Amino acid sequence: MWYCLSLQSQTKPNPKAPTKPKAHRLAANALKLKAIWIDMDVGLGDPKKYPTIQDALRSVVEFREKVGLPPFSAIVGSGSGIHVYWISDAPLSRADWEPYATGLKALILQSEVKCDAGLTTDAARILRIPGTFNHKTSPPKPVQLFNVPLALYNFAAQLSFLKSYSTAPAATAAPEHSLFVDPTMDFAKFGKPVVAINEPDLNAGIERGSPLLEIGRAH
C-alpha cells in the first residue's frame, strides 16, 4: 500500500471499483503538499544503494548536519530502505513547494547521497504507509515508523535557505492565445515595421527589367 504525497485535483475511472473513482495522479494535478522527502534504498552488492539500514541512516544524518537541515519530522523504514521527511506546518501549493524540493535535490546531488534524487522533486510521488507490508521479499517486511519526535516546520522561516539552491522557475499561468484580433487592443502602441513600405499599390517592389516578348508563330 502507498499514499500520494500531494492532494490531486482530478479523478479517473477505477476499473476495479467503478463506484469509487481514483485520483488521476500527475505532478501537474498536484494542488497541495505537506512535506519534502528523501527515498533511500538498501541492498547488498549494489553500488547505488547502502548495504544496510544503519549505513543509510548514518549517511542521511551526516548529510542533514552538513547542510544545516533541522531534525527529521519522520523516518519510515520501507522494508527495502528508508524515507525521511521534513513536514510543513501548513499545506503548500505546488509553486511554493517546488523551490524547497529542488533545493533539497541539489544538495543531495552535491553531497552524493545514494538515492534516486528525482523522486524528491516528484509532486505526484507515492511512498509506503507505516503499518503495512512490503511484499517485494518473502516473507514480506513490515513498513515501520521510527521513533523520532514529530516536528512540523514553517518552511519560509526555517527552510528558506533551500531556495538558494533551487533551479525551479517561477510558476506562471500559461498565456491564453486567440486566433482573432482583440477588439480592445490599442494598435497605436505598436512600433513601426522594420522595413518601410512606401509603394502605393500591390505591385510594390516588383520591377520589370525588359519589355515583354510578343508571342508569334514560329518560323
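The sections below set out a description of the structure shown in this document. (Residues numbered from 1 in each chain as written. Predicted model: local features only at pLDDT ≥ 70, side-chain atom pairs only at ≥ 80, totals over all residues. Heavy atoms only, no water.)

**Brief notes about the overall build of the protein chain**
Filter applied, for reference: Elements are defined by DSSP. Helices are runs of H or I of four residues or more, strands are runs of E of two residues or more, and each kind is numbered from the N terminus. Surface accessibility follows the Shrake-Rupley procedure with a 1.4 Å probe radius. Residue values consider only the protein chains on display as shielding.
Secondary structure assignment for the protein chain yields three helices and 12 strands. In the structure as shown, the protein chain presents an accessible area of about 15300 Å², 58% of it carried by carbon and sulfur atoms.

**Regarding the pairing of strand β6 (residues 74-77)**
Which entries qualify depends on this criterion: When a residue's accessible area, from a 1.4 Å probe over protein chains only, is under 20% of the maximum for its type it is buried; when over 50% it is exposed; and in between it is partly exposed. A pair of strands counts as paired when DSSP detects no fewer than two bridges linking them.
Side chains Ala74 and Val76 of β6 all project onto a buried face; the interleaved residues Ile75 and Gly77 project onto the opposite face, where all are buried too. Bridge analysis of β6 against strand β7 (residues 81-93) gives four bridges, and the strand direction is antiparallel. Of the residues in β7, the one forming a bridge with Ile75 is Val84. The hairpin formed by β6 and β7 contains three residues between the paired strands, and Gly79 there has a positive phi angle of roughly 95°. Pairing of β6 with strand β11 (residues 144-145), which is carried by two bridges, proceeds in the antiparallel orientation. What sits directly across from Gly77, in β11, is Gln144.

**Notes on the pattern of salt bridges**
Note the threshold: The term salt bridge refers to a side-chain nitrogen of Lys or Arg lying within 4 Å of a carboxyl oxygen of Asp or Glu.
Considering all chains together, one arrives at four salt bridges under this definition. Here Arg58 ties to Asp55 by a salt bridge, and the two come within 2.9 Å at their closest N and O atoms. Separated by three residues within a single helix, Arg58 and Asp55 lie in helix α1 (residues 53-67), roughly one turn from each other. What makes Arg58 partly exposed here is its relative accessible area of 46%. In this structure, Arg94 and Glu98 form a salt bridge, with 3.2 Å as the shortest nitrogen-oxygen distance. Highlighted residues: Arg94 and Glu98, both in helix α2 (residues 94-111), separated by four residues, approximately one helical turn.

**Considering the packing of aromatic side chains**
Our working rule: A pair of aromatic rings is counted whenever rings of Phe, Tyr or Trp (Trp by its six-membered ring) have centres within 6.5 Å, and the orientation is called stacked for planes under 30 degrees apart, edge-to-face for over 60 and tilted otherwise. Charge-over-ring placement is defined geometrically: NZ (Lys) or CZ (Arg) within 6 Å of the ring centre, and within 35 degrees of the ring normal.
Tallying each qualifying case throughout the model produces three aromatic pairs. Judged by centre distance (5.7 Å) and plane angle (25°), the rings of Trp37 and Trp97 are stacked. In this pair, Trp37 sits in strand β5 (residues 30-41) while Trp97 sits in helix α2, placing the two residues 60 residues apart along the sequence. Neither Trp37 nor Trp97 differs from the other in exposure class; each is buried. An angle of 75° between the planes, with centres 5.2 Å apart, marks the rings of Tyr100 and Phe155 as edge-to-face. Taken together, the residues Tyr100 in helix α2 and Phe155 in helix α3 (residues 155-158) connect sequence positions 55 residues apart. Classification of Tyr100 by relative accessible area gives buried; the value is 4%. Here Arg64 stacks its cationic end above the ring of Phe72, 5.6 Å away from the centre of that ring. Over the ring of Tyr50 we find Lys114; its NZ or CZ atom is 5.5 Å from the centre of that ring.

**Some remarks on a positive patch on the surface**
The test is simple: The residues that make up patches have over 30% relative accessible area and no salt bridge, and they are joined within 9 Å when like-charged or within 5 Å when they are Val, Leu, Ile, Met, Phe, Trp or Tyr. In this tally, Asp and Glu contribute negative charge and Lys and Arg positive charge; neither His nor the terminal groups of the chain are included. Where a charge lies is defined by one atom per residue type, namely NZ (Lys), CZ (Arg), CG (Asp) and CD (Glu).
Together, Lys12, Lys16, Lys22 and Arg25 give the surface a local cluster of positive charge. Considering the arrangement of structural elements, one finds Lys16 in the loop between β3 (11-12) and β4 (22-23). The exposure class assigned to Lys16 is exposed, which follows from its relative accessible area of 82%.

**So, the environment of Ala90**
Formally: It only takes one pair of heavy atoms within 4.5 Å for two residues to be counted as in contact.
Within the secondary structure layout, Ala90 lies in strand β7. Here Ala90 falls in the partly exposed class, since its relative accessible area comes to 31%. Counting along the chain gives 65 residues from Ala90 to Phe155, while the straight-line C-alpha distance between them is 8.8 Å. With near-sequence residues (within four places) excluded, Ala90 lies in contact with Leu33 and Lys34.

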